[in-house]
Amino acid sequence: MSLRTVFQLSFLTLSLAQSYGTSKLQWGPCNKTEVPSDVPVECSTLLVPLDYTDHSSNETLKLDLVKVLAPVKPSKGSILFNFGGPGGTGRNVIGINPIAPELLALTGRQFDLISFDPRGTSGSNIPIQCYESQTDAWNYLFNQRFGNESDVQLARQWAWAYTLADTCLKTQNRTGSLISSAFVARDMMQIVDALGEDGMLRYWGFSYGTTLGATTAAMFPDRVERMILDGVQNPHEYYHAQADFEEWTDADKTFSSMFSGCVANRENCALAKGNNKTAAELEQAVWDLIENVKYHPIPIRTLLLDYNNVKSLIVQALYDSAGWPGLATLLNYAINGEIDALEAVVDAIVGTDITDVFAQIQRPQALSGIHCSDNMVRTPNFEDFVPAAERMSSTSRISGDVYVNLYSSCAQWKIEPKERYTGDFQVKTKHPVLFIGNSHDAFTPLVSAKNVSSTFEGSVVLEVDGYGHSSLAAPSACTIRTTSAYWADGTLPPEGKFCELDAPLYSGITWADVIEEVYGNGTTSTKRHVPHLSKIGGFLAPPLTLGK
């Protein structure tokens, strides 16, 4: 029996011995600076082992928890949430509009919703922060570039990734070994025990949160009461491949949908309004723009609208089709050379200046620290990494070169985790898992949901006719009814269940409209009137950067 198995069994035995019915958690008011909220929330803390593999140590880690209260009383229990990344936070997301009303609707408004900031993230008490000087931090920020920006950029990203891996080893060696998904899975089970409910896990994970959920289910299959994995990442590649190749399978298809939807709704899409251009012609015009700004960037005051920044805007918009009308307006101004109008739109997107460079770089560092800690593949030579980069670019023209800095970092990562899940995800949970995948998801394609579901006994895949990342990007009354039934009594949809989208592209229909249809007036407090960047997921493409 392996040492890892011994740890799992001993931890499981200890957990099962926990007497349920009495909560160890003291809930109270939240720090509004750290935990913004538009719905009633409460906060608490929990001490967990810092290092689960060191049984001789008394060192602990404080987890900060936030709970969105169920509107329907009494609550039927608690559901834990992870919004992706890795590197994404939870406490600053779960209680705000529009996500909070959406999650409450999708869970039947009968459960408390709980989230926390996982190890290594900016909100945790052991964040990954490799750079100690502002000069180094600014250099790191400005050198997050895309692999196909020039014929030398791929090699430059490889070299910059080496400096990140080397710096993190020097400054975060201990912390970096304690932030694996396996440890976060154990943290979640500690939370379940401390809740004092029934000792069973109820969990909804989005994006990377699906890998965390799959890992937790594989480690603690007998303690899974309900689990939804939504916007499914392939955990086999996440742990065992040189890059997450499958993730980009539908990226170009989703990108093309931006233009077919535009043509179908010309009056609501600036790119097609007032002309007879086809979807293919509009898409080609955008590709021409991307290529042109590679060699002739557009100066917008102190910002350069170049290859990197145009692609950043596009990739960010692919997270949620609610942002497509705004992106279409910006692209239309850029293509037609309307600089004054373009400046106004860019000003609105860029917002305020960067005043804290360390805060700005925390998320990409956490992404590398956690993902690279979990991933088992190391590739010391650049020449051996090039085929992986080429495969990503051939899989997706729009997204394939965007993440080479991440995978270059993982290839050269030097910190090994104290524990890493090494199993095969052949899992039989106590109650079957519900997987959800959108028909058009640029980051986690439907095929990944089907592939992972095939190794989870009894699980079912729900397909949503959505454009964007996870079901939260696809307003659908059918999804509300399906997920609410699952949380209420474990009812799984039939095989092949397909939920129609109730918010056609460029229609302006929001989740708030759909929720009102299902639950009636007064259940939501806000609508998405303006384009936004999705909080779900977490590889969010690098932000616009000032020209240098």
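Here is a short report on the structure shown in this document. All values derive from a computational prediction rather than experimental measurement. (Residues numbered from 1 in each chain as written. Predicted model: local features only at pLDDT ≥ 70, side-chain atom pairs only at ≥ 80, totals over all residues. Heavy atoms only, no water.)

1. Some details on the packing of helix α8 (residues 251–264) against helix α9 (residues 279–295)
Rules: Angular values range over 0 to 180 degrees, each being the angle between N-to-C directions of two axes fitted as lines to C-alpha atoms, with helices fitted over their stretch in contact. Strands are runs of DSSP state E lasting at least two residues, helices are runs of H or I lasting at least four, and both sets are numbered from the N terminus onward. Should an angle fall under 35 degrees it is taken as roughly parallel, and over 145 as roughly antiparallel, whereas 65 to 115 is taken as roughly perpendicular and any remaining angle as oblique. Definitions for this section: a left-handed crossing has its near helix turned counterclockwise from the far helix by less than a right angle. A right-handed crossing has that turn clockwise. Two residues qualify as a contact provided that any one of their heavy atoms is within 4.5 Å of a heavy atom in the partner residue.
As a packed pair, α8 and α9 sit with axes 8 Å apart at the nearest point and diverge in direction by 130 degrees. Taken together, the axes of α8 and α9 are oblique relative to one another. Handedness of the α8/α9 crossing: right-handed. Mapping the contact onto sequence places Phe-255, Ser-256, Phe-259, Ser-260, Cys-262 and Val-263 in α8 and Ala-279, Leu-282, Glu-283, Val-286 and Trp-287 in α9.

2. Thoughts on the state of the cysteines
Short version of the rule: We call a pair of cysteine sulfur atoms a disulfide whenever their separation is within 2.5 Å. Per-residue accessibility, obtained with a 1.4 Å probe over protein chains only, is compared with the maximum for each type, and a residue is labelled buried under 20%, exposed over 50%, and partly exposed between these values.
Evaluation of the coordinates by the stated rule reveals 5 disulfides. The disulfide partner of Cys-372 is Cys-410, and the gap between their sulfur atoms is 2.2 Å. Taking the torsion about the sulfur-sulfur bond, which here is approximately -85 degrees, the covalent link between Cys-372 and Cys-410 counts as left-handed. Here Cys-372 is found in helix α14 (residues 362–374), whereas its partner Cys-410 is found in helix α16 (residues 404–411), with 38 residues between them in sequence. As far as burial versus exposure is concerned, Cys-372 and Cys-410 are alike and both buried. Taken in N- to C-terminal order, the disulfide-linked cysteines of the chain are connected 1-2, 3-4, 5-6, 7-8, 9-10.

3. Quick notes on the sheet that holds strand β9 (residues 434–440)
To keep it simple, the criterion reads: Strands are treated as partners if at least two bridges between them are detected by DSSP.
Judged by pairing direction, the sheet is mixed, and its 9 strands sit side by side in the order β1-β2-β4-β3-β5-β6-β9-β10-β11 without closing on themselves. The strands lining the two open edges of the sheet, one partner per strand, are β1 (41–49) and β11 (498–499). In the sheet, strand β2 (residues 60–68) pairs with strand β4 (residues 112–116) via 4 bridges, with the strands oriented antiparallel. In the strand pairing of β4, Val-66 is matched with Ser-115. Along the sheet, helix α5 (residues 181–195) contacts β1, β2, β3 (78–82), β4 and β5 (201–206); its crossing angle with β1, the most-contacted strand, is approximately 120 degrees.

4. Here's the deal with the packing of aromatic side chains
Rule in force here: The criterion for an aromatic pair is that two Phe, Tyr or Trp rings (for Trp, the six-membered ring) have centres within 6.5 Å, with stacked assigned to planes under 30 degrees apart, edge-to-face to planes over 60 apart and tilted to the rest. Distance and angle both matter: a charge sits over a ring if NZ of Lys or CZ of Arg is within 6 Å of the ring centre and within 35 degrees of the ring normal.
Tallying each qualifying case throughout the model produces 24 aromatic pairs. When the ring of Tyr-239 is compared with that of Tyr-421, the centres are 6.1 Å apart and the planes differ by 65 degrees; the resulting orientation is edge-to-face. A residue pair is termed long-range when its members are at least 10 positions apart, and Tyr-239 in helix α7 (residues 235–240) and Tyr-421 in the loop between α16 and β9 qualify at 182 residues. Across the pair, exposure class does not vary: Tyr-239 and Tyr-421 are buried alike. Aromatic side chains Trp-248 and Tyr-403 sit 4.7 Å apart centroid to centroid with 5 degrees between the ring planes, which places their arrangement in the stacked category. Taken together, the positions of Trp-248 in the loop between α7 and α8 and Tyr-403 in the loop between α15 (382–395) and α16 put the pair 155 residues apart, joining distant regions of the chain. Assessed through its relative accessible area of 0%, Trp-248 is described here as buried. The buried category is assigned to Tyr-403, whose relative accessible area is 4%. Each member of the aromatic cluster is reached from another via a ring pair, and the members are Phe-81, Phe-83, Phe-111, Trp-204, Phe-206, Tyr-486 and Trp-487. Above the ring of Tyr-519, the side-chain terminus of Arg-109 is found at 5.7 Å from the ring centroid.

By themselves, these figures tell us nothing about what the structure is for.
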